[in-house]
Amino acid sequence: MAKIVVVTSGKGGVGKTTSSASFATGLAQKGYKTVVIDFDVGLRNLDLIFNCERRVVYDLINVINGEASLHQALIKDKRIDNLFILPASQTRDKDALNQEGVQKVLNTLSETYDYIVCDSPAGIETGALMALYFADEAIIVTNPEVSSVRDSDRILGILQSKSRRAETGSEPVKEHLLVTRYDPRRVSKGEMLSIEDVQDILSVPLLGVIPESKTVLTASNEGCPIIWEEKSNAGQAYQDAVSRFLGEDIEHRFLSTSRASFLKRMFGGH
């Protein structure tokens, strides 16, 4: 049986789809057969990050409605053999999702995959609630700013009360915190919350800290999950986060500014 992992947040624009793509890619790189599902019905961005938008013929809603099989809708990633993408529909409404249909899709996928990563839309609309309902584990993505953290706290409350595990009284959804767009220099100036501040508010174990980096946007525009950019700090941070998720004990990096070398400090270099 596959483990179902939802990547979620309360606020939009925090890097949820970027994180879903890199996290799923990282699991596949580790040898796990992985499928990532776009639950953002009506918008659909996950296929752009994987550069497979022109290969979308059928989508999640087609499968739920019996208009296509999973085999027809799943798109195999070009870079790695055991990674597949199930896109969302751009033409349907979020209400096209229904719990019975989603469960049927997840049950079928669970028979052949190790991990199912659910890329949730922001907020608490139908798509977001469907994405988190069946989760075994949740990655809460937040920026180090008050509004983003506050909205993430709301999502934690929903996970703890409206997930299937909560309804059945079984073991709670395992929660992980992923802080994105972190800039230690802005933290030192009081322009951002520190990691300690975020953890104090949310009280969720820290899975990873993704530093602010222009390479994230560049990679997304090029249709490549940032985790493939092994020389970038952000790519390395996602690799670390995946390894921690799988149980490895890895020290957190990119939490402080790198100290300028002696020569640069002496001669005013930046």
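Just so it is clear, the model here is predicted, and its values are computed rather than measured.

Trainee: If you had to explain empty space enclosed by the protein to someone new, which residues and values would you point to?
Mentor: Scanning all chains against the criterion turns up 1 cavity of 30 Å³ or more. Around the largest cavity, the lining residues are Val7, Ser19, Phe23, Ile139, Leu178, Leu207, Tyr238 and Ala241. Elements represented by at least two residues in the lining of the largest cavity include exactly helix 1 (16–29) and helix 12 (233–245). Considering only residue class, the lining of the largest cavity consists of 7 nonpolar, 1 polar and no charged.

Trainee: Explain helix 5 (residues 99–110) to me, using residue names and the numbers behind them.
Mentor: Relative to the 16 Å expected for 12 residues at 1.5 Å per residue, helix 5 spans 16 Å between its end C-alpha atoms, a close match to the ideal helical length. Gly101, Val102, Val105, Leu106, Leu109 and Ser110 are the residues of helix 5 that are buried.

Trainee: Give a detailed account of the packing of helix 1 against helix 12, specifying residues and quantitative values.
Mentor: At a minimum axis distance of 9 Å, the contact between helix 1 and helix 12 shows a crossing angle of 60°. Judged by the inter-axis angle, helix 1 sits oblique to helix 12. Our pair here, helix 1 against helix 12, has a crossing hand that is right-handed. Within the contact between the two elements, helix 1 uses Thr18, Ser19, Ser22, Phe23, Gly26, Leu27 and Gln29 and helix 12 uses Tyr238, Gln239, Val242 and Phe245. When the residues that make up the contact of helix 1 with helix 12 are grouped by side-chain class, the tally is 5 nonpolar, 6 polar and no charged.

Trainee: Break down the packing of aromatic side chains for me, with residues and values.
Mentor: Considering all chains together, one arrives at 5 aromatic pairs under this definition. Pairing Phe23 with Phe245 gives two aromatic rings, centres 4.9 Å apart and planes at 90°, and the pair type is edge-to-face. Taken together, the positions of Phe23 in helix 1 and Phe245 in helix 12 put the pair 222 residues apart, joining distant regions of the chain. The two residues Phe23 and Phe245 agree in class, both being buried. Chaining the aromatic ring pairs together yields one cluster made of Phe23, Tyr32, Tyr115 and Phe245. Between the NZ or CZ atom of Lys33 and the centre of the ring of Tyr113, over which it lies, the distance is 4.8 Å.

Trainee: Can you tell me about the sheet that holds strand 3 (residues 75–76), naming the residues and giving the values?
Mentor: Overall, mixed pairing links the 8 strands, which are arranged 3-4-2-5-1-6-7-8 in an open sheet. In this open sheet, the two strands that pair with only one neighbour each are strand 3 and strand 8 (206–211). Against the sheet, helix 7 (residues 146–162) engages strand 1 (3–8), strand 6 (137–142) and strand 7 (174–182), with an angle of about 165° to strand 6.

Trainee: Lay out the pattern of salt bridges in plain terms, naming residues and giving numbers.
Mentor: According to the stated counting rule, one finds 12 salt bridges in the structure shown. A salt bridge links Asp136 to Arg165, with the shortest nitrogen-to-oxygen separation between them at 2.9 Å. Of this pair, Asp136 sits in the loop between helix 6 (126–133) and strand 6 while Arg165 sits in helix 8 (residues 164–168); the two residues are 29 residues apart in sequence, bridging distant segments of the chain. A residue is classified by how much of its surface remains accessible, and Asp136, at 18% relative accessible area, is buried. With its nearest N and O atoms 3.2 Å apart, the salt bridge here joins Arg181 to Glu212. Of this pair, Arg181 sits in strand 7 while Glu212 sits in the loop between strand 8 and helix 11 (214–221); the two residues are 31 residues apart in sequence, bridging distant segments of the chain.

The rules behind each value
- Numbering of residues starts from 1 in each chain and follows the order in which that chain's sequence is written.
- Only residues with pLDDT of at least 70 get local features here, since the model is predicted, and only at 80 or more are side-chain atom pairs given and counted; chain-wide, interface and lining totals rely on the full set of residues.
- Side-chain figures throughout are based on the complete set of non-hydrogen atoms in the structure, without hydrogens or water.
- Throughout, the protein atoms alone are placed on a 1 Å grid, and a set of points is a cavity if a 1.4 Å probe fits but cannot get out or a pocket if it is open with protein on both sides within 12 Å along at least five of seven lines; lining residues have an atom within 4 Å of a point.
- Grid points are joined across faces, edges and corners, and a volume is the space filled by probe spheres set on the points.
- Put simply, DSSP marks the helices as runs of H or I at least four residues long and the strands as runs of E at least two long, and each gets a number from the N terminus on.
- Classes in brief: Ala, Val, Leu, Ile, Met, Phe, Trp, Tyr, Cys and Pro nonpolar; Asp, Glu, Lys and Arg charged; the others, Gly included, polar.
- Helix span is expected to be 1.5 Å times the residue number reduced by one.
- Burial classes follow relative accessibility: with a 1.4 Å probe on protein chains only, a residue under 20% of its type's maximum area counts as buried, one over 50% as exposed, and anything between as partly exposed.
- Convention adopted: a line fitted to C-alpha atoms gives each axis, helices being fitted over their contacting stretch, and angles between N-to-C directions are expressed from 0 to 180 degrees.
- The cut-offs work like this: below 35 degrees is roughly parallel, past 145 is roughly antiparallel, 65 to 115 is roughly perpendicular, and the gaps in between are oblique.
- Left-handed is the label given to a crossing in which the near helix is rotated counterclockwise from the far helix by less than a right angle, and right-handed is the label when the rotation is clockwise.
- The contact rule is simple, with two residues in contact once any of their heavy atoms fall within 4.5 Å.
- Each Phe, Tyr or Trp ring (for Trp, its six-membered ring) is paired with any other whose centre lies within 6.5 Å, and the angle between the two planes then decides the class: stacked below 30 degrees, edge-to-face above 60, tilted in between.
- Here, a charge over a ring means that NZ of Lys or CZ of Arg falls within 6 Å of the ring centre while also lying within 35 degrees of the ring normal.
- Here, a strand pair is defined by DSSP locating no fewer than two bridges between the strands.
- Note on definitions: salt bridges are taken to be side-chain nitrogens of Lys or Arg within 4 Å of carboxyl oxygens of Asp or Glu.

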